[in-house]
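One letter stands for each residue in the lines below.
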Amino acid sequence: MSSTTLIDNAPIAPDLTDAKVHLVGMGRDDIATELERIGIPPKKVRMRTKQVFHWIYNYGVTSFDQMTNIAKPLREKLEAAFTLDRPEIVERLISVDGTRKYLIRMAPGIEVESVFIPDVSKTGALCVSSQVGCTLTCTFCHTGTQRLVRNLTAREIVLQVIIARDDLGEWPTTQENRRLTNIVFMGMGEPLYNTEKVGDALDTICDPEGLGIGRRRITVSTSGVVPDIVPMGARTKAQLAISLHAANDELRSQIMPINKKYPLKELMQACRDYPGLSNSRRITFEYVMLKGINDQPWHAKQLIKLLRGIPAKVNLIPFNPWPGTDYVCSDAETIKSFSDMVNAAGYASPIRKTRGQDIFAACGQLKSDSEKKRASTLRKETKASQK
Ligand code: SAH
Ligand code: SF4
């Protein structure tokens, strides 16, 4: 059996299990190239691409027979060369609070998690991954203890949205009252180390004839890869979230090693330069509440000072513990008074509700759980073979 943890320097795994090319998840240009490859006359490629793209992303069809505005002989040709199959869902969990967690096998050894978080207001966000594992080693983050296996492709990012749409039964895209209204890049990995693929994936996710999610409903969260912040904003027009977690360089470098490379002064300048920044398009600063580490009133004062002049909102995230961590979540009262101080300074600072606790839906948890099981299975197997 293949597994993510057991792979050293994993090669890019082939993502095709059969000879047919997988169309679902592809952008317009790639679909056009494929249609050309199977002999669609050049003059017709554009029109056919539009049709196929619309069937895949507006109607969510799973068979070429459903493409009723395409004549049967051509549908058969498509069927022979391509597939509309989705990747395998290895695990699907639904929390009592409605949170849904998916572990998806994109290719052998390439397993990806995404989490759908419904909101009370009938909207909902899908938290997607941009990498398998992460190269960064933020000390409070479970994903940070897993090494990077590889970047996801644009197709694999789009597929996470498709899987959630399928599961929520929200085809066609144009139907009203969809619950999957927002996308946040807050799953596994650092999206700004995979900006090109994130940008390409968003072209399909935000295409009005595609998955139809508006660019203002997309949030890209970064630990602070400074040189890529402004280019990412220009390319994607997405909302920016910064994982801040500390407002002084000494502490931030301790808990987020990337701060040594890109210290706060540079990070805050990149935020000020973010395209489209305004009071109606504020930057979200995420701040994980770590007991006795970053949760004192003087930390709140430093934070307020740091944010001065930046249209900002602060999301206070109660720390999600994981096996082996030394960190503890701050007390509820401490979080409340921290929030009150930041609020009083004029910055909205909601305390994020912990969702999907019963299904381990916090950052990196399901993935790690599945790895852990595999590691223990492996140990048992090794012991057995040594006997
Ligand atoms: N790599 C990107 C996006 C993924 S992490 C980033 O760092 O921004 C998504 C968010 O979850 C980040 O704000 C991250 O700091 C936070 N996070 C990580 N581990 C956490 C934990 N154990 N408890 C609470 N939040 C955590
Ligand atoms: Fe990677 Fe983000 Fe976790 Fe840091 S917080 S280790 S950047 S996923």
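Residues numbered from 1 in each chain as written. Chains lettered and ligands numbered in written order. Predicted model: local features only at pLDDT ≥ 70, side-chain atom pairs only at ≥ 80, totals over all residues. Heavy atoms only, no water.

Asker: I'd like to hear about the packing of helix α5 (residues 195-206) against helix α6 (residues 226-236), residue by residue, with values.
Answerer: Closest axis-to-axis distance for the α5/α6 pair is 10 Å, and the angle between their directions is 20 degrees. By the angle class used here, α5 and α6 are roughly parallel. Remark: the crossing between α5 and α6 carries right-handed chirality. Judged by residue contacts, Thr195, Gly199, Asp200, Leu202 and Asp203 of α5 engage Asp228, Met232, Arg235 and Thr236 from α6. (Axes fitted to C-alpha atoms, helices over the stretch in contact; angles between N-to-C directions. Helix = DSSP H or I, 4+ residues; strand = E, 2+ residues; numbered from the N terminus. Parallel < 35°, antiparallel > 145°, perpendicular 65-115°, else oblique. Left-handed = near helix turned anticlockwise from the far one by under 90°. Contact = heavy atoms within 4.5 Å.)

Asker: Give a detailed account of the nonpolar core, specifying residues and quantitative values.
Answerer: In terms of nonpolar packing, the biggest core is built from 106 residues, with Met67, Leu78, Phe140, Ile183, Ile205, Ile218 and Phe285 touching the most fellow members. Split by domain, this core shows at least three residues from each of two domains, domain 1 (21-83) and domain 2 (88-386). In contact with Phe140, not counting residues within four places along its chain, are His245, Ile255, Met256, Val288, Leu290, Phe319, Trp322 and Tyr327. In this structure, Val115, Val184, Ile359 and Ala361 belong to the second largest nonpolar core, which totals five residues. (Core = buried A, V, L, I, M, F, W, Y, C linked by side-chain atoms within 4.5 Å. Buried < 20%, exposed > 50% of the residue type's maximum accessible area, 1.4 Å probe, protein only. Domains from an automatic or database assignment.)

Asker: So what's going on with the packing of aromatic side chains? Which residues, and what values?
Answerer: Under the counting rule described, the total for this entry stands at four aromatic pairs. Between Phe53 and Tyr57 the ring centres are 4.8 Å apart and the planes differ by 55 degrees, which places this aromatic pair in the tilted class. Note that Phe53 and Tyr57 are positioned in helix α2 (residues 42-59) at a spacing of four residues, about one turn of the helix. On the basis of relative accessible area, Tyr57 is assigned to the buried category, the value being 0%. Note on Phe319 and Tyr327: the rings are 6.0 Å apart at their centroids and 75 degrees apart in plane angle, and the pair reads as edge-to-face. Assigned by exposure class, Phe319 and Tyr327 land together as buried. (Phe/Tyr/Trp six-rings, centres within 6.5 Å; stacked < 30°, edge-to-face > 60°.)

Asker: Would you mind going over α2 in detail, with residue names and values included?
Answerer: Across its 18 residues, α2 extends 25 Å between first and last C-alpha, which sits within 8% of the 26 Å expected from 1.5 Å per residue. Within the span of α2, buried status applies to Val45, Arg48, Thr49, Gln51, Val52, Phe53, Trp55, Ile56, Tyr57 and Asn58. Residues of α2 that are buried make contact with α1 (28-37), α3 (72-81), α4 (154-168) and α5. Residue Gly60 follows α2 closely and has a positive phi angle near 65 degrees. (Expected span 1.5 Å × (residues − 1).)

Asker: Now, about the side chain of Ser95: what can you tell me, with residues and values included?
Answerer: With respect to the secondary-structure elements, Ser95 resides in the loop between β3 (88-94) and β4 (100-107). Overall, Ser95 belongs to the buried group, its relative accessible area being 5%. Ignoring sequence-local partners within four residues, the contact set of Ser95 consists of Gly356, Asp358 and Ile359.

Asker: Can you tell me about unusual backbone geometry, naming the residues and giving the values?
Answerer: What you tend to see is this: most non-glycine residues have negative phi, and most peptide bonds are trans. Residues Trp171 and Pro172 are joined by a peptide bond in cis, for which omega reads -10 degrees. Checked against the element boundaries, Pro172 lands in the loop between α4 and β9 (182-185). At Lys122, a residue that is not glycine, the phi angle is positive and equals roughly 70 degrees. With respect to the element layout, Lys122 can be found in the loop between β5 (110-118) and β6 (124-127). Of the residues examined, Lys122 reaches a relative accessible area of 69% and is grouped as exposed. Unlike most non-glycine residues, His245 shows phi in positive territory, near 65 degrees. Examined against the element boundaries, His245 turns out to sit in the loop between β11 (239-243) and α7 (249-255).

So yeah, pure geometry; function would need other evidence.
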